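# Chain and residue survey
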Amino acid sequence: EFAARFSSAVLAVGTTLATYHLGRKLFNPKVGLWGALVLCTSLMFAAVGRSVTPDSTLICCTTSAFLGYIWATAARHGGRFG
């Protein structure tokens, strides 16, 4: 049971960290922190993070793709997005 759920839990933590970095890059660190806190305390996100489904993988990959786009765009504009 542990081995089946471990990857979903790790990917849920990765999604939370990516959400923090998205908020930090788009606005400021305080917004990133609040966004990550709201995400990780949401009931459905916690349920997906504990279940043995591919949902956690999909959410993490999508959030990471958004983060990669924001970082690449910010790098073109001197470190800030927008």
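Described in the following lines is the structure provided in the data block.

What counts and how
Residues numbered from 1 in each chain as written. Predicted model: local features only at pLDDT ≥ 70, side-chain atom pairs only at ≥ 80, totals over all residues. Heavy atoms only, no water. Helix = DSSP H or I, 4+ residues; strand = E, 2+ residues; numbered from the N terminus. Buried < 20%, exposed > 50% of the residue type's maximum accessible area, 1.4 Å probe, protein only. Contact = heavy atoms within 4.5 Å. Areas by Shrake-Rupley, 256 points an atom, 1.4 Å probe, with all protein chains shown as cover.

### Some details on the overall build of the protein chain
A count of helical and extended segments in the protein chain gives 4 helices and 0 strands. Each helix and strand of the protein chain, ordered N terminal to C terminal, gives the series α-α-α-α. C-alpha atoms of the protein chain, sized along the principal axes, occupy 45 × 20 × 15 Å. Relative to its 82 residues, the protein chain shows a buried fraction of 26%. In the protein chain, 66% of the contacts between residues at least 6 apart in sequence involve partners at least 24 apart. Accessible surface for the protein chain amounts to roughly 5,500 Å². Of this, 72% is attributable to carbon and sulfur atoms.

### As for the environment of Leu33
Mapped onto the elements, Leu33 comes out in helix H2 (residues 29-40). Through-space distance from the C-alpha of Leu33 to that of His21 is 8.6 Å; in sequence the pair is 12 residues apart.

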